[in-house]
Amino acid sequence: MYKKFLALLLALAAAVSPAAALAEPSEIPMTEYILEEDNMFVDLPDGWYFNTPEQIDKDFLEVTENKERKLEKFLRESGIAYNLVSKDLKEEINVIMVSTSQTKTMFNFNLLDKEVLENRAQVLIDQGTQEDDSGKTTYTSYEVRTIGDCTFTILSGNMERKEGKADFIQYTTAVNGYGITFSYRAYEGADLEYGRNLMGNIVSSLDIKVIEQADVKTQFIKQVIPYALLVVGVVGFTVFMFIRQLRKNK
């Protein structure tokens, strides 16, 4: 009898554990959204708080300390097309898309040797922990990988702000003169590996109907432009948008 009771308790514990409660990333319903009219599209998960520079999720505002106009301004100025926050407030996804003189010059990561991207990513790792007025950022690992039609620099690390800590994963590419970054934040209690798999699904869904060709002038300039400029122009926009312990009553 005791063994049966113990087995029942273990089964119940497994049923309500966070890992058991999470559906596999591949099973999560996704909806297609526009990045560039008639040309670029990406699938993002359903069931999250969903914010854009044009429309802030009212339910999200009710459970956070954010102000609608301030958040709209932040998203717009940061180049964040879509901001998603999980309903338990433990995960955050930002889709950043910018067009600057640097991204237009670099134009497409596919034009660069993989070794060039790896060397520049290694620089970020070698710099160690970087501190500024907002807090600390540490890049701990990188990978350069071609996914679909794009070459991505994949950076992982952790960030620390006065509001709290988080691990992050960010996929950055340049295509058609745009800098595009998919950024994932795992706050305390989140399953980073689960988020890593979810981000893999999101990035793999990126659909670009037409890949434009760089002209001769652009290809020439890109050879002499320091990659650090692209880091400032693209990775620099992966602003760590803390949701600041967002529950009002906890």
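Scroll up to find the structure this text is about.
What you are looking at is a predicted structure, and each value in this text was computed from that prediction instead of being measured.

Engineer: In this structure, what is going on with a negative patch on the surface? I would like to understand it.
Structural biologist: A surface patch of like charges, here negative, comprises Glu131, Asp132, Asp133 and Glu160. For Asp133, the position within the fold is in the loop between strand 6 (130-132) and strand 7 (135-147). Among the residues examined, Asp133 registers a relative accessible area of 88% and is labelled exposed.

Engineer: Help me understand helix 7 (residues 192-204) in this model?
Structural biologist: Helical geometry note: an α-helix holds 3.6 residues per turn, so side chains three or four residues apart project in the same direction. Here helix 7 is 13 residues long and its end C-alpha atoms lie 18 Å apart, about the 18 Å a rise of 1.5 Å per residue gives. Those residues of helix 7 that sit buried are Tyr194, Gly195, Leu198, Met199, Ile202 and Val203. Projected down its long axis, helix 7 shows its buried positions confined to an angular sector of 165°, all on one face. N-capping of helix 7 is provided by Asp191, with a side-chain oxygen placed 3.1 Å from the backbone N of Glu193.

Engineer: Honestly, the packing of aromatic side chains in this entry has me stumped. Any pointers?
Structural biologist: For any two aromatic rings, the description comes down to two numbers: the centre-to-centre distance and the angle of the planes. Tallied over the full model, the rule gives seven aromatic pairs. Relative to Tyr82, the ring of Phe50 has its centre 5.6 Å away and its plane inclined at 45°; by these criteria the two rings are tilted. Separated by 32 residues along the polypeptide, Phe50 in strand 3 (residues 49-51) and Tyr82 in strand 4 (residues 80-85) bring together distant segments of the chain. Among the residues examined, Tyr82 registers a relative accessible area of 10% and is labelled buried. Between Phe152 and Phe182, the aromatic rings sit 6.5 Å apart at their centres with planes inclined by 50°, giving tilted as the arrangement. On the criterion of sequence distance, the pair formed by Phe152 in strand 8 (residues 150-161) and Phe182 in strand 10 (residues 178-187) is long-range, its members being 30 residues apart. Residues Phe152 and Phe182 agree in their burial class; the two are buried. Counting every residue linked through ring pairs, the aromatic cluster contains Tyr33, Phe50 and Tyr82. For the cation-ring pair, Lys87 lies above Tyr49, with the distance from its terminal atom to the ring centre recorded as 5.0 Å.

Calculation rules
- Starting afresh in each chain, residues are numbered from 1 along the sequence in its written order.
- The model is predicted, so local features are restricted to residues of pLDDT at least 70 and side-chain atom pairs to those at 80 or more, both for listing and for counting; the totals for chains, interfaces and linings are taken over all residues.
- The side-chain figures draw on all heavy atoms in the structure; neither hydrogens nor water molecules are used.
- Each patch is built from residues that are more than 30% exposed by relative accessible area and take part in no salt bridge. Like charges join if they lie within 9 Å; nonpolar side chains (Val, Leu, Ile, Met, Phe, Trp, Tyr) join within 5 Å.
- The Shrake-Rupley method, run with a 1.4 Å probe sphere, supplies the accessible areas, and residue values consider only the shown protein chains as cover.
- For this analysis, a salt bridge means a side-chain nitrogen from Lys or Arg found within 4 Å of a carboxyl oxygen belonging to Asp or Glu.
- In this tally Asp and Glu are treated as negative and Lys and Arg as positive; neither His nor the chain ends contributes.
- The atoms used to mark charge sites are NZ of Lys, CZ of Arg, CG of Asp and CD of Glu.
- Under the DSSP-based scheme used, a helix requires at least four consecutive residues in state H or I and a strand at least two consecutive residues in state E, with every element numbered from the N terminus.
- Burial status follows relative accessibility: with a 1.4 Å probe on protein chains alone, a residue under 20% of its type maximum counts as buried, one over 50% as exposed, and anything between as partly exposed.
- To estimate the expected span of a helix, count its residues, drop one, and scale the result by 1.5 Å.
- What the arc measures is the spread of directions leading from the helix axis to the C-beta atoms.
- For the purposes of these results, a polar contact is taken to be a pair of N or O atoms within 3.5 Å, where, inside protein, one atom must be able to donate a hydrogen and its partner to accept one; residues adjacent in sequence count only when each atom of the pair is a side-chain atom.
- Only rings of Phe, Tyr and Trp enter the pairing, Trp through its six-membered ring, and a pair is recorded when the two centres are within 6.5 Å. The plane angle decides the type: under 30 degrees is stacked, over 60 is edge-to-face, the rest tilted.
- For a lysine, the NZ atom is tested; for an arginine, the CZ atom; a charge sits over a ring if that atom is within 6 Å of the ring centre and within 35 degrees of the ring normal.

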